[in-house]
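Spelled out, the chains give:
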Amino acid sequence: MKIIIINGPNLNLLGTREPEIYGSESMEAYIPKLRQRYPDMEIEYYQSNVEGELINKMQEVGFSYDGIVLNAGAYTHTSIALLDCIRSIHTPVVEVHISNVSSREEFRSRSVIAPGCRGTIQGFGLDSYRLAIESLLGLATR
Ligand code: DQA
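Residues numbered from 1 in each chain as written. Predicted model: local features only at pLDDT ≥ 70, side-chain atom pairs only at ≥ 80, totals over all residues. Heavy atoms only, no water.

## A word on the overall build of the protein chain
What counts is decided by this rule: Strands here mean DSSP runs of E at least two residues long; helices mean DSSP runs of H or I at least four residues long; both are numbered from the N terminus. Computation of the radius of gyration draws on C-alpha atoms, with the globule rule given as 2.2 Å multiplied by the number of residues to the power 0.38. With a 1.4 Å probe rolled over the protein chains alone, any residue whose accessible area is under 20% of its type maximum counts as buried; one over 50% counts as exposed, and the rest are partly exposed.
When its secondary structure is counted, the protein chain shows five helices and five strands. Start at the N end of the protein chain and walk to the C end: the helices and strands fall as β-α-α-β-α-β-α-β-β-α. For 142 residues, the compact-globule estimate of 2.2 N^0.38 gives 14 Å, and the protein chain sits close to it at 14 Å. Principal axes of the C-alpha set define a box for the protein chain whose edges measure 35 × 35 × 25 Å. Sorting the 142 residues of the protein chain into buried and exposed places 45% on the buried side.

Shown next as structure tokens:
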């Protein structure tokens, strides 16, 4: 099984960015742990601060990979282009958020991309990514 974790804007700063909300672990430290936990799975990682680059990556992998774990960052709340992209590809997309966006500012409680995703996992810190992988495993064995 081949999946990719795609992180959007400002998530390259995980570990130092608002640690009281997003924790103090970087993605670079977390990804190897995930790979160790799922040795039979190919787990790729991609991050971009640029909306169009996220779309290019999703189009590139979205017809051959088994799953996409997407934390679109703030584009979650604004990007119809990402929603259209998610709807245009074949690979299932699971929306992820580190924080519980429903308990924060009002503008974060609306996800523009959610209608295109298979489901959403939020609020469990970096463990949200692992839970998203579990959900993709569930889809694959269904
Ligand atoms: C986030 C939540 C978004 O509202 C925010 O813009 C982010 C991170 C999260 O993982 O909790 O950049 O997606």
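Here the narrative resumes, following the displayed structure.
## Looking at the site of the ligand
We apply this condition: Only a single heavy atom is needed: when it lies within 4 Å of a molecule or strand, its residue is near that molecule or strand. Each polar contact in these results corresponds to two N or O atoms within 3.5 Å; when the atoms are within protein, one needs to be able to donate a hydrogen and the other to accept it, and residues that are neighboring in sequence are counted only if both atoms are side-chain atoms. Here the open area of atoms and residues is found with the Shrake-Rupley method and a 1.4 Å probe, where only the protein chains shown may cover a residue. Residues were grouped as follows: Ala, Val, Leu, Ile, Met, Phe, Trp, Tyr, Cys and Pro as nonpolar; Asp, Glu, Lys and Arg as charged; and all remaining residues, including Gly, as polar.
Every residue close to the ligand is listed here: R17, Y22, N71, G73, A74, H77, H97, I98, S99, V101 and R108. H77 places a polar side-chain atom, nitrogen or oxygen, 2.7 Å from an oxygen atom of the ligand. Take S99: an N or O atom from its side chain is 2.6 Å from an oxygen atom of the ligand. Protein coverage of the free-state accessible area of the ligand, which is 320 Å², stands at 99%. Across the shell around the ligand, the residue classes break down as four nonpolar, five polar and two charged.

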